[in-house]
Amino acid sequence: QVQVVESGGGLVQAGASLRLSCAASGSIFSITTMGWYRQAPGKQRDLVAAITSGGSTNYADSVKGRFTISRDNAKNTMYLQMTSLKPEDTAVYYCNANGTVRSGLGLEVWGRGALVTVSS
């Protein structure tokens, strides 16, 4: 069984920085793409940023220039460095991982989420 666990959420003031981490564990053979999604109250879950095992990244327009996604393939861990946070960044942030487990089957797993609250 594979799981991903987010950490690093919290309450900060506008303009502050915060770093989220996502650690994957279990019977992992390889993880291709990892991503951060967020869901604000009453809204759908949207992609924030994603990164491939080769380091290619893409970002939502709303976070470009403020958020940076990175990963440590050896540790199956992904990070999201968030700077210049705004109240509209308030949401539950979810980690998503896609890849292959040791049995050869495909893998897609979601974390339980980390709450980020940005006060004005």
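Since we're looking at a predicted model, the values are computed, not measured.

Cut-offs and rules
- Residue numbering note: each chain is counted from 1, following its sequence as written.
- Note on the predicted model: pLDDT of at least 70 is required for a residue's local features to be given, and 80 or more for side-chain atom pairs to be given and counted; whole-chain, interface and lining totals, by contrast, use all residues.
- Only hydrogens and water are set aside; all other atoms, that is, all heavy atoms of the structure, feed into the side-chain values.
- We call a set of buried residues a nonpolar core when its members are Ala, Val, Leu, Ile, Met, Phe, Trp, Tyr or Cys and they connect through side-chain atoms within 4.5 Å of each other.
- For each residue, the accessible area found with a 1.4 Å probe, counting protein chains only, is set against the maximum for its type, and the residue is called buried under 20%, exposed over 50%, and partly exposed in between.
- Numbered from the N terminus, helices here are DSSP runs of H or I no shorter than four residues, and strands are runs of E no shorter than two.
- Computed over the protein atoms alone on a 1 Å grid, cavities are sets of points where a 1.4 Å probe fits but cannot get out and pockets are open sets with protein on both sides within 12 Å along at least five of seven lines; a residue lines them when it has an atom within 4 Å of a point.
- Grid points are joined across faces, edges and corners, and a volume is the space filled by probe spheres set on the points.
- Pairing of aromatic side chains requires ring centres within 6.5 Å, counting the rings of Phe and Tyr and the six-membered ring of Trp. Pairs whose planes differ by under 30 degrees are stacked, by over 60 edge-to-face, and all others tilted.
- Only when the NZ atom of a Lys or the CZ atom of an Arg is both within 6 Å of the ring centre and within 35 degrees of the ring normal do we say a charge sits over the ring.
- What qualifies as a polar contact is a pair of N or O atoms within 3.5 Å, subject to a donor-acceptor requirement within protein and to the restriction that residues adjacent in sequence count only when both atoms come from side chains.
- Note on definitions: a residue-residue contact is assigned when non-hydrogen atoms from the two residues lie within 4.5 Å.
- In short, DSSP must find at least two bridges between two strands for them to pair.
- Lines fitted to the C-alpha atoms define the axes, with helices restricted to the stretch that makes contact. Angles between their N-to-C directions range from 0 to 180 degrees.
- One speaks of a salt bridge when a side-chain nitrogen belonging to Lys or Arg is within 4 Å of a carboxyl oxygen belonging to Asp or Glu.

Points about the nonpolar core
Counting 31 residues, the largest nonpolar core has Trp36, Leu80, Met82 and Tyr93 as its most contacted members. The element contributing the most residues to this core is strand β9 (residues 91–101), with five residues.

Here we look at the layout of surface pockets
There is about 210 Å³ of room inside the largest pocket. Around the largest pocket, the lining residues are Arg38, Ala40, Lys43, Gln44, Asp46, Leu47, Val48, Ala60, Ser62, Glu88, Thr90 and Ala91. For the lining of the largest pocket, the leading source of residues is strand β5 (residues 46–52), giving three residues.

Observations regarding the packing of aromatic side chains
For the structure shown, the criterion picks out one aromatic pair. Looking at arginine 45, its charged tip hangs above the ring of tyrosine 94, at a distance of 3.6 Å from the centre. One residue, arginine 45, lies across the ring of tryptophan 110, its end atom 4.8 Å from the ring centre.

With respect to the side chain of aspartate 89
Its place among the elements puts aspartate 89 in the loop between β8 (77–82) and β9. Under the relative-accessibility criterion, aspartate 89 is labelled buried at 0%. Reaching out from aspartate 89, the side chain makes a polar contact with the side chain of arginine 66 at a distance of 2.8 Å. Dropping the residues within four chain positions of it, aspartate 89 is found in contact with Arg38, Arg66, Phe67, Ser84, Val116 and Val118.

Regarding the sheet that holds strand β1 (residues 2–7)
Backbone-to-backbone hydrogen bonds join strands into a sheet, with any given pair of strands oriented parallel or antiparallel. The strand order across the open sheet formed by four strands is β1-β3-β8-β7, and the pairing between neighbours is antiparallel. Two strands close off the open sheet at either side, each with one partner strand: β1 and β7 (67–72). Across the sheet, the mean angle separating the axes of adjacent strands is 15° when strand polarity is ignored.

Focus: the side chain of arginine 66
By the element assignment, arginine 66 lies in the loop between β6 (57–59) and β7. A distance of 3.0 Å separates a polar atom in the side chain of arginine 66 from the backbone oxygen of serine 84. Residues contacting arginine 66, with those up to four places away along its chain left out, are Gln81, Met82, Thr83, Ser84, Leu85, Lys86 and Asp89.

Observations concerning the environment of methionine 78
Among the secondary structure elements, methionine 78 is positioned in strand β8. Using a relative accessible area of 0% as the deciding quantity, one classes methionine 78 as buried. If we ignore the near neighbours within four places in the chain, the residues touching methionine 78 are Leu20, Ser21, Cys22, Met34, Gly35, Trp36, Ile51, Ile69, Ser70, Arg71 and Cys95.

Quick word on the pattern of salt bridges
Taken as a whole, this structure holds three salt bridges when the rule is applied. With its nearest N and O atoms 2.9 Å apart, the salt bridge here joins aspartate 89 to arginine 38. Of this pair, aspartate 89 sits in the loop between β8 and β9 while arginine 38 sits in strand β4 (residues 28–39), and the two are 51 residues apart along the sequence. Of the charged contacts, one joins aspartate 61 and lysine 64 as a salt bridge, the two residues approaching to 3.1 Å between their closest N and O atoms. The class for aspartate 61 is exposed, based on a relative accessible area of 65%. Through salt bridges that share partners, Arg38, Arg66 and Asp89 make up one connected network.

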